[in-house]
Amino acid sequence: MRRPMPMRSGRARPPLPAATIRTQVTVPLRFSDGYATSARVFTFEGLADGREHLALGLGDRSRVLRPDPRHVPLVRPHSECLTGDVFGSERCDCGPQLREAVERIADTGGYLLYLRQEGRGIGLYAKLDAYGLQDAGLDTYEANLALGHAEDERDYTVAAQMMRALGLTRVALLSNNPDKARQLARLGVTVTETVPTGVHLSASNAGYLATKARRGAHTLDLPIGPQAEWLLGGNGGSGRAARS
Ligand SMILES: [Zn+2]
């Protein structure tokens, strides 16, 4: 039964179009800290926005082929962040989150979905423009609004399409973002549990993480104490974490 849900974007959601696996190939991975594993990288035909999204199969995925209710594959939809994922930017926590996700999924078996929606879906240049506004005092959400974008334009339709193409009907979602679980549920994915990721706090991203916790209702347990006060109060921090 379909229950009408208020959509952040205000658009009606069309039925989920089918996507198919286009190719798959093995890619050995080695991260800058020396962690290494192997990924089965999938490409797709028919993804809704026509972009080149990837699924990385990690660890033992055999349970996907013979679904076992006791073992649900761990899946993380990770939105592309060129500055964080590739260059190690400390303005956000995307790089450490990606690194953590790969290892945790490889340990239990599942998929990392690498979604080409940079900067909360507003694009790379706009994200860098938003950084400029943040340096002038706006938080990450206010900056996106000032640029004429929504607070968060990420859409998980292609993630749901990829999961369906991979035969994933039930997943454990590795995420702190309740909006991901809500969108995926509306798209027909059964999320059996949400597994939180770690908090990757630095002096440069403390304000960003506090804003995510406050404005995006992310389930982040930010440390509150003298060190956190210093982190959240300094270097562009836009306030202390409102959640406890
Ligand atoms: Zn990032």
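Quick caveat, the model's predicted, so the values are computed rather than measured.

Comments concerning the overall build of the chain
Across its full length, the chain holds nine helices and seven strands. A burial count over the chain gives 46% of its 244 residues as buried. Expressed as a percentage of contacts within the chain between residues at least 6 apart in sequence, the contacts between residues at least 24 apart total 63%. Carbon and sulfur atoms make up 53% of the accessible area of the chain, which amounts to about 12300 Å² in all.

Some words on the coordination of the zinc ion
Ligation of the zinc ion by protein atoms is provided by Cys 81 (SG), Cys 92 (SG) and Cys 94 (SG), these donors lying 2.2 Å from the ion. The sequence motif formed by the donor residues of the zinc ion is C-x10-C-x1-C. For the pair Cys 92 and Cys 94, one class covers both residues: buried.

A closer look at the pattern of salt bridges
Taken as a whole and assessed by the stated rule, the structure comprises eight salt bridges. Across the salt bridge formed by Asp 33 and Arg 99, the nearest N and O atoms sit 2.8 Å from each other. You can see Asp 33 sitting in the loop between β1 (20-30) and β2 (36-45) and its partner Arg 99 sitting in helix α3 (residues 94-108), a full 66 residues away along the chain. By relative accessible area, Arg 99 is classed as buried at 17%.

Some points on the packing of aromatic side chains
This structure, assessed with the given rule, holds two aromatic pairs. When the centroid spacing of 6.0 Å and the interplanar angle of 55 degrees are considered together, the rings of Phe 42 and Tyr 111 count as tilted. Here Phe 42 is found in strand β2, whereas its partner Tyr 111 is found in strand β5 (residues 110-115), with 69 residues between them in sequence. By the burial criterion, Phe 42 is buried, and Tyr 111 matches it. Above the face of the Tyr 131 ring, Arg 91 is positioned so that its terminal group lies 4.3 Å from the ring centre. Taking NZ or CZ as reference, Arg 99 lies 5.7 Å from the ring centre of Phe 31, over its face.

Focus: empty space enclosed by the protein
Enumeration over the complete set of coordinates arrives at one cavity of 30 Å³ or more. Volume-wise, the largest cavity comes out at about 420 Å³. Looking at the lining of the largest cavity, the elements with two or more residues in it are β4 (74-79), α3, α4 (124-135), α5 (140-146) and α8 (206-215). In terms of residues, the lining of the largest cavity owes the most to one element, α4, which gives four residues. When its residues are assigned to classes, the lining of the largest cavity shows eight nonpolar, 13 polar and ten charged.

A few points about the pairing of β4
Most of β4 is tucked away: six of the six residues are buried. Burial of β4 is two-sided: the residues Leu 74, Arg 76 and His 78 facing one way and the residues Val 75, Pro 77 and Ser 79 facing the other way are all buried. Direction of pairing for β4 relative to strand β6 (residues 170-174): parallel, over a ladder of two bridges. Paired with Leu 74 across the strands is Ala 172, a residue of β6.

Details of the environment of Leu 58
Among the secondary structure elements, Leu 58 is positioned in strand β3 (residues 54-58). A sequence separation of 17 residues divides Leu 58 from Val 41, and the C-alpha atoms of the two residues are 9.0 Å apart. Setting aside chain neighbours within four positions, we find Leu 58 in contact with Leu 29, Thr 37, Ser 38, Ala 39, Val 102, Ile 105, Ala 106, Gly 109, Gly 110 and Leu 112.

Here's the deal with the nonpolar core
Judged by nonpolar contacts, the single largest core of 24 residues is most densely connected at Ala 55, Tyr 111, Leu 113, Met 163, Leu 166 and Leu 184. Among the elements of the structure, β2, β5, α6 (157-165), β6 and α7 (178-186) are those that each provide at least two residues to this core. With five residues, the top contributor of residues to this core is α6. If you look at the next biggest cluster of nonpolar residues, it comprises 18 residues, including Leu 29, Leu 56, Val 72 and Ala 101.

A look at the side chain of Thr 43
With respect to the helices and strands, the residue Thr 43 is situated in strand β2. A polar contact of 2.5 Å, which involves the side chain of Thr 43, links it to the side chain of Thr 23. When sequence neighbours within four positions are dropped, the list of residues in contact with Thr 43 reads Thr 20, Ile 21, Arg 22, Thr 23 and Leu 54.

The rules behind the values
Residues numbered from 1 in each chain as written. Predicted model: local features only at pLDDT ≥ 70, side-chain atom pairs only at ≥ 80, totals over all residues. Heavy atoms only, no water. Helix = DSSP H or I, 4+ residues; strand = E, 2+ residues; numbered from the N terminus. Buried < 20%, exposed > 50% of the residue type's maximum accessible area, 1.4 Å probe, protein only. Contact = heavy atoms within 4.5 Å. Areas by Shrake-Rupley, 256 points an atom, 1.4 Å probe, with all protein chains shown as cover. Donors = N, O, S within 2.8 Å, 3.2 Å for Na, K, Ca; no water. Salt bridge = Lys/Arg side-chain N within 4 Å of Asp/Glu carboxyl O. Phe/Tyr/Trp six-rings, centres within 6.5 Å; stacked < 30°, edge-to-face > 60°. Lys NZ or Arg CZ within 6 Å of the ring centre and 35° of its normal. 1 Å grid on protein atoms, 1.4 Å probe; cavity = no way out; pocket = protein on both sides within 12 Å on 5 of 7 lines; lining within 4 Å. Points joined across faces, edges and corners; volume = space filled by probe spheres on them. Nonpolar A, V, L, I, M, F, W, Y, C, P; charged D, E, K, R; others polar. Pairing = 2+ DSSP bridges. Core = buried A, V, L, I, M, F, W, Y, C linked by side-chain atoms within 4.5 Å. Polar contact = N/O pair within 3.5 Å; in protein donor to acceptor, adjacent residues only side chain to side chain.

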